[in-house]
Amino acid sequence: MKNSLLIAGLVLLISCKNTSEKEIENTSAETTTETNITAQDTLIYPEEVHFKSIRQVTFGGDNAEAYWSFDDSKLVFQSNYEEWGVACDQMFLMDAGASFKDKKPPMVSTGKGRTTCAYFMPDNKHIVYASTHLVDENCPEAPLRKNGKYVWPVYDSFDIFVSDLEGNITAQLTNEPGYDAEATVSPKGDKIVFTSTRSGDLELYTMNLDGSDVKQITNELGYDGGAFFSPDGSKLIFRSSRPKTEEAIKEYKDMLAQGLVQPTEMELYICNADGTGLRQLTNLGNANWSPFFHPSGEKVLFSSNFEAERGFPFNLYMIDLDGKNLKRVTHGETFDAFPVFSNDGKYLVFSSNRNNGGTRDTNLFIAEWQD
């Protein structure tokens, strides 16, 4: 779970390869209700059998990490779309049936600094997200390369806040030095998991909804992040880049000291919600990330480029919790990531480069899911 910096970087890599996208009929998404979604079947590739219908939600900029309210009536997502008056990622609110071809959704972050990873609280009236605005109201620099290698910045100015749906911050949940971000909430409504550098490394932690009772979940060297709870709240799925060789360890530590990480080699790990029973789920190579539990709790959907020879495409895959029955879900030529199921399991929201007219835009799509 990372902000649009990764999208910009990945799309930049893609665009430099002069790879053409499939030409998809550009049909307009109409605002509908959740129970009467207008399908845009021209946006579904023939092999995508799990998508009964699909519609496009956004139509410009980098849009990602859309998460459902607990009652599935709304979503919150982040965007850097310039036409919406932002210079870097801010948080926006939408009704579940809305689309934004010719209008702007309401912004629910402050408009200051850079934000990432918003998630609904159980009351459906508040969200939790990370922001850099306390340190600087301007957008921080966003390096995408260091020594010729693709990197993500890890801003030590990120802290985690709670906001109401009018954009008013009602609480600050973290105030430790260093990076605190990537917060998601358990479907049980009792815990938040997040990533922090407070130990000197990028580890997972849990806390109560009010920020109390902070507990460290992981403690091995490497970037542990993008964690989500299982539907019953008993497990955590996350991505990790765990350096093993002396050279890789030194490079990781040197990069982290500069507030940077390299996300090009990541695998998925799973553990109990208290950190016990930790095990590696994938061993595919390249970048495996943005995992989310299938509604059954018995499978995980994630994004990967493990089949790619040149870094792309990224597609969605599904795998059982025992690491078996790996199945490809999307069949794009560029970028599909950030899959998130609605709480009732009927819909999947994700980010994709499909139907972007050959631009670098990454838009939100909502698919009607069928097993």
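Since the structure is predicted, the reported quantities are computational estimates derived from the model, not experimental observations.

Draft legend 1. Up close: the overall build of the chain. Along the backbone of the chain there are two helices and 27 strands. Counting every position in the chain, which comprises 371 residues, the buried fraction comes to 58%. Partitioning the intrachain contacts of the chain with sequence separation of at least 6 by distance along the chain shows that 52% fall at a separation of at least 24. Here the chain displays about 14,700 Å² of accessible surface, and carbon together with sulfur accounts for 44% of that area.

Draft legend 2. Seen up close, the state of the cysteines. Going through the model one piece at a time under the given rule, you end up with one disulfide. In this model C88 forms its disulfide with C139; the gap between the sulfur atoms is 2.2 Å. Because the sign of the S-S torsion sets the handedness, a value of about -90 degrees for the bond joining C88 and C139 places this disulfide among the left-handed ones. On the criterion of sequence distance, the pair formed by C88 in the loop between β3 (74-79) and β4 (90-95) and C139 in the loop between β6 (126-131) and β7 (145-146) is long-range, its members being 51 residues apart. Residue classification places C88 among the buried residues on the basis of a relative accessible area of 3%. When its relative accessible area of 33% is taken as the criterion, C139 is described as partly exposed.

Draft legend 3. Region of the structure containing the packing of aromatic side chains. Under the criterion given, the structure shown has 25 aromatic pairs. Relative to F335, the ring of W289 lies with its centre 6.3 Å away and its plane at 35 degrees, an arrangement referred to as tilted. Here W289, found in strand β21 (residues 288-293), pairs with F335, found in the loop between β24 (327-328) and β25 (336-341); they are 46 residues apart in sequence, far enough to count as distant. Taken individually, W289 and F335 each receive the classification buried, so the pair is uniform in this respect. Geometry around Y205 places R198 over its ring, the cationic atom sitting 5.4 Å from the centre. The cationic tip of R354 hangs over the ring face of Y45; the distance from NZ or CZ to the ring centre is 4.6 Å.

Draft legend 4. Examining the confidence of the model for the chain more closely. Per-residue confidence for the chain averages 90 on the pLDDT scale, and 89% of its residues sit at or above 70. Contacts of residues 10-41 to residues separated by more than four positions or lying in other chains number 76 contacts, the stretch itself having pLDDT below 50.

Draft legend 5. Summary view of the sheet that holds β25. An order of β1-β27-β26-β25 is seen for the four strands of this open sheet, with the pairing classed as antiparallel. The sheet terminates laterally at β1 (51-56) and β25, the two strands that pair on one side only. The average angle at which neighbouring strand axes cross in this sheet is 25 degrees, direction not considered.

Draft legend 6. Representation of the nonpolar core in the model. Ranked by internal contacts, the top residues of the largest apolar core, which has 87 residues, are F51 and V128. With five residues, strand β27 (residues 363-369) is the single largest residue contributor to this core. Beyond its immediate chain neighbours, meaning those up to four positions away, F51 contacts I44, V329, T330, L348, F350, A367, E368, W369 and Q370.

Draft legend 7. Structural context of the pairing of strand β23 (residues 315-320). Burial analysis of β23 places six of its six residues in the buried class, the great majority of the element. Relative to β23, strand β22 (residues 299-304) runs antiparallel, the two sharing six bridges. Each residue of the ladder has a partner; that of V300, found in β23, is I319. Once β23 ends, the chain turns through six residues before running back antiparallel as β24, passing G323 with a positive phi of about 85 degrees.

Definitions and cut-offs
- Residues numbered from 1 in each chain as written.
- Predicted model: local features only at pLDDT ≥ 70, side-chain atom pairs only at ≥ 80, totals over all residues.
- Heavy atoms only, no water.
- Helix = DSSP H or I, 4+ residues; strand = E, 2+ residues; numbered from the N terminus.
- Buried < 20%, exposed > 50% of the residue type's maximum accessible area, 1.4 Å probe, protein only.
- Contact = heavy atoms within 4.5 Å.
- Areas by Shrake-Rupley, 256 points an atom, 1.4 Å probe, with all protein chains shown as cover.
- Disulfide = S-S within 2.5 Å.
- Phe/Tyr/Trp six-rings, centres within 6.5 Å; stacked < 30°, edge-to-face > 60°.
- Lys NZ or Arg CZ within 6 Å of the ring centre and 35° of its normal.
- pLDDT = per-residue confidence, 0-100.
- Pairing = 2+ DSSP bridges.
- Axes fitted to C-alpha atoms, helices over the stretch in contact; angles between N-to-C directions.
- Core = buried A, V, L, I, M, F, W, Y, C linked by side-chain atoms within 4.5 Å.

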